[in-house]
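Chain by chain, the residues run as shown.
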Amino acid sequence: MTHASAYAAFDAASPLKYWDFERRDPRPDDVEIDILFCGVCHSDLHAAKDEWGVVDRPFVPGHEIVGRVKSVGADVTRFKVGELVGVGCMVDSCLQCHECEDGLEQYCNHFVPTYGGPEAGTGKQTYGGYSDRVVVKEHFVLKVPETLDPAAAAPLLCAGITTYSPLRHWKVGPGQRVGVVGLGGLGHMAVKLAKAMGAQVVVFTTSASKVDDAKRLGADEVVISTDADAMAAEAGAFDFILNTVAAPHNLDPFIACLKRDATMTMLGVPAAPHPSPSVAGMIFKRRSVAGSLIGGIAETQEMLDFCGVHGITADIELIPIQEINTAYERMLKSDVKYRFVIDAASLAQG
Ligand SMILES: [Zn+2]
Ligand SMILES: [Zn+2]
């Protein structure tokens, strides 16, 4: 077995704490990775607290992993020892269905999440990246450009691809006016990526205190979404809107901002449903409301390469893993700009 240490949730209510455990022995198609950094995603917190269903314990979150290859199995062809690599939200899928054949492993009915899923072959729970080591099938390992700061690149593996994939799918580019609703971990990545794709980017936020930061991140304009007059002035003015807000809210004012045939894509899963959008708002301009989940492996690699070319990473606050519980409390208050990243070297302190 492969020895590893981690911070784990032993029940839904207690703070995460240190845990020694074993990962599977590397198989011929596996890559063994020494973890350097792991981003802290809202999904980690929701899952650790059983908010998305009861998880097996101990539970190790973390799916924004950057590290270096420690060893490779005999059948591994794309990776060498010492390379900078990443692992996102998936570590396996059937690789045979239509979704997998189309490079959309995230929509495979049998995709295995990086944490909390049944490991292929053993059925044991998968353990995430709040750890010093991980063993992952080659197909699900990504190359991280050496030119990027590896700590700030970690959030690209979830927040980055979650925003990049819909921007590409709905063909965002030059000459378009694109809205980003919410300026958190996802929203700040969406601003940087949409800007680098050549779009004119407008941030919708409820807090006037975020205006300067939105512009620093690359937004051309900022609209305070609680200002009804400001929202009315944007009617029919957007080619695409990416809505990153998970809290339940009225979608109608944003739908009204879409041009004919335009789409607003939802990324957050609210704990309680959003109020139903008005059907009339969609009918009269043939508008759509859609959803999108992370991105496939090939597209995740494309995103990392795109970020390498454009020098894009997340704005982060680097923490030792001993501060993870405080970080969770601060995330619940949106008190982070814009992503916590764990320095895995701190695990040596226990
Ligand atoms: Zn995530
Ligand atoms: Zn599949």
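Remember, predicted model here, so these are calculated numbers, not experimental data.

(A) Main features of the sheet that holds strand β15 (residues 288-291). Sheet architecture is open: six strands sit in the order β12-β11-β10-β13-β14-β15, paired in parallel fashion. Of all strands in the sheet, those bounded by a partner on one side alone are β12 (221-224) and β15. Taking the axes of each pair of neighbouring strands and ignoring which way they run, one obtains an average angle of 20° across the sheet. Two elements, strand β14 (residues 258-266) and β15, share four bridges in a ladder whose sense is parallel. Looking at the pairing, methionine 266 lines up with glycine 291 of β15. Set on the sheet, helix α4 (residues 159-169) makes contact with β10 (177-181), β13 (238-243) and β14; between it and β13 the angle comes to about 155°.

(B) Structural context of the coordination of the zinc ion (ligand 2). Coordination of the zinc ion (ligand 2) by the protein comes from Cys94 (SG), Cys97 (SG), Cys100 (SG) and Cys108 (SG), over a distance range of 2.3 to 2.4 Å. Seen from the zinc ion (ligand 2), its four donor atoms lie at angles of 104 to 118°, and the figure they make is tetrahedral. Positions of the donor residues of the zinc ion (ligand 2) along the chain correspond to the pattern C-x2-C-x2-C-x7-C.

(C) Local environment of the coordination of the zinc ion (ligand 1). Bound to the zinc ion (ligand 1) on the protein side are Cys41 (SG), His63 (NE2) and Cys158 (SG), at distances that span 2.0 to 2.2 Å. Taken in sequence order, the residues that donate to the zinc ion (ligand 1) follow the motif C-x21-H-x94-C. Highlighted residues: histidine 63 in the loop between α1 (42-48) and β4 (65-72) and cysteine 158 in the loop between α3 (150-153) and α4, separated in sequence by 95 residues. An identical accessibility class is assigned to histidine 63 and cysteine 158; each is buried.

(D) Up close: the nonpolar core. Of all hydrophobic cores here, the largest spans 94 residues; its most connected members are Tyr130, Leu167 and Ile324. Of all the elements, helix α5 (residues 185-196) adds the most residues to this core, at six residues. Those residues in contact with leucine 167 that sit more than four places away from it in its chain are Val172, Val178, Ala190, Leu193, Ala194, Met197, Phe240 and Leu242. By size, the runner-up hydrophobic cluster in this structure holds 16 residues, among which are Phe204, Met231, Cys257 and Ala262.

(E) Broad picture of the packing of aromatic side chains. Taken as a whole and judged by the stated rule, the model has 10 aromatic pairs. For the pair tryptophan 19 and tyrosine 127, a centre-to-centre distance of 5.2 Å together with 75° between the ring planes defines the contact as edge-to-face. Here tryptophan 19 is found in strand β2 (residues 17-23), whereas its partner tyrosine 127 is found in the loop between β7 (112-113) and β8 (133-137), with 108 residues between them in sequence. Among the aromatic side chains, those forming a connected cluster through ring pairs are Phe10, Trp19, Phe21 and Tyr127. Above the plane of the ring of phenylalanine 238 lies arginine 177, whose end atom (NZ or CZ) is 4.6 Å from the centre.

(F) Region of the structure containing the environment of aspartate 305. Locating aspartate 305 in the fold gives a position in helix α10 (residues 297-310). Taking the relative accessible area as the measure of exposure, aspartate 305 reaches 39% and is therefore partly exposed. Separated by 161 residues in sequence, aspartate 305 and valine 144 place their C-alpha atoms 7.7 Å apart.

(G) Molecular detail of the pattern of salt bridges. Per the stated rule, a full pass over the model turns up 22 salt bridges. Residue arginine 286 pairs with aspartate 261 through a salt bridge whose shortest N-O separation is 2.5 Å. Linking arginine 286 in the loop between α9 (279-283) and β15 with aspartate 261 in strand β14, this pair joins segments that are 25 residues apart in sequence. For arginine 286, a relative accessible area of 56% translates into the label exposed. Take aspartate 261: its relative accessible area is 34%, and that puts it in the partly exposed class. Salt bridges linked by common partners bring Lys192, Asp213, Arg216, Asp315 and Lys337 together as one network.

(H) Structural view of α5. Given a rise of 1.5 Å per residue, 12 residues ought to cover 16 Å, and the 17 Å separating the end C-alpha atoms of α5 matches this to within 8%. Counting buried residues in α5 gives 10 out of 12 residues, a clear majority hidden from the surface. Within α5, the full set of buried residues consists of Gly185, Leu186, Gly187, His188, Met189, Ala190, Val191, Lys192, Leu193 and Ala194. Backbone geometry just after α5 places glycine 198 at a positive phi near 100°.

(I) Region of interest: a nonpolar patch on the surface. A cluster of nonpolar residues, Leu104, Tyr107 and Leu293, forms a patch on the protein surface that exposes about 230 Å² of accessible area. In this fold, leucine 293 is placed in the loop between β15 and α10.

(J) Here's a closer look at the side chain of glutamate 119. Position of glutamate 119 among the secondary structure elements: in the loop between β7 and β8. Glutamate 119 has contacts with Arg24, Arg27, Lys124 and Thr126, leaving out every residue within four places of it along the chain.

The rules we used
All residue numbers here refer to positions counted from 1 along the written sequence of the relevant chain. Working convention: letters from A go to chains and numbers from 1 go to ligands, in the order in which they are written. It should be noted that, the model being predicted, local features are given only for residues of pLDDT at least 70 and side-chain atom pairs only at 80 or more, the latter also being counted only at that level, while totals for whole chains, interfaces and linings use all residues. Heavy atoms throughout the structure, all of them, feed into the side-chain values; hydrogens and water do not. Criterion used throughout: strands pair if DSSP finds at least two bridges between them. Helix numbers and strand numbers start at the N terminus; a helix is a DSSP run of H or I with at least 4 residues, a strand a run of E with at least 2. Between the N-to-C directions of two axes lies an angle of 0 to 180 degrees, each axis being a line fitted to C-alpha atoms and, for a helix, fitted only over the stretch in contact. The contact criterion used throughout is that any non-hydrogen atoms of two residues lie within 4.5 Å. The donor definition counts N, O and S atoms within 2.8 Å of each metal and applies 3.2 Å to Na, K and Ca; water is not among these atoms, so some sites may look incomplete. Metal sites are grouped by the angles between bound donors: all angles between 85 and 135 degrees with four donors is tetrahedral, opposite donors over 155 degrees apart with the others between 65 and 115 is square planar for four donors and octahedral for six, and any other pattern is irregular. Burial classification: accessible surface area is computed with a 1.4 Å probe over protein chains only, and a residue below 20% of its type maximum counts as buried, one above 50% as exposed, and the rest as partly exposed. Definition used in this section: a nonpolar core is a set of buried Ala, Val, Leu, Ile, Met, Phe, Trp, Tyr and Cys residues joined via side-chain atoms within 4.5 Å. In this analysis, rings of Phe, Tyr and Trp, with Trp reduced to its six-membered ring, are considered paired at centre separations within 6.5 Å, and the interplanar angle assigns stacked below 30 degrees, edge-to-face beyond 60, and tilted for intermediate values. Note on criteria: charge over ring means Lys NZ or Arg CZ within 6 Å of the ring centre, with the direction from the centre no more than 35 degrees off the ring normal. Within this document, salt bridges are pairs made up of a side-chain nitrogen of Lys or Arg and a carboxyl oxygen of Asp or Glu, the two lying within 4 Å of each other. Between the first and last residue of a helix there are one fewer steps than residues, each counted as 1.5 Å, and that sum is the expected span. Patches draw on residues past 30% relative accessible area with no salt bridge. Two like charges within 9 Å are joined, as are two nonpolar side chains (Val, Leu, Ile, Met, Phe, Trp, Tyr) within 5 Å. Shrake-Rupley sampling with a 1.4 Å probe provides the accessible areas, and residues are treated as covered by the protein chains on show and by no other component.

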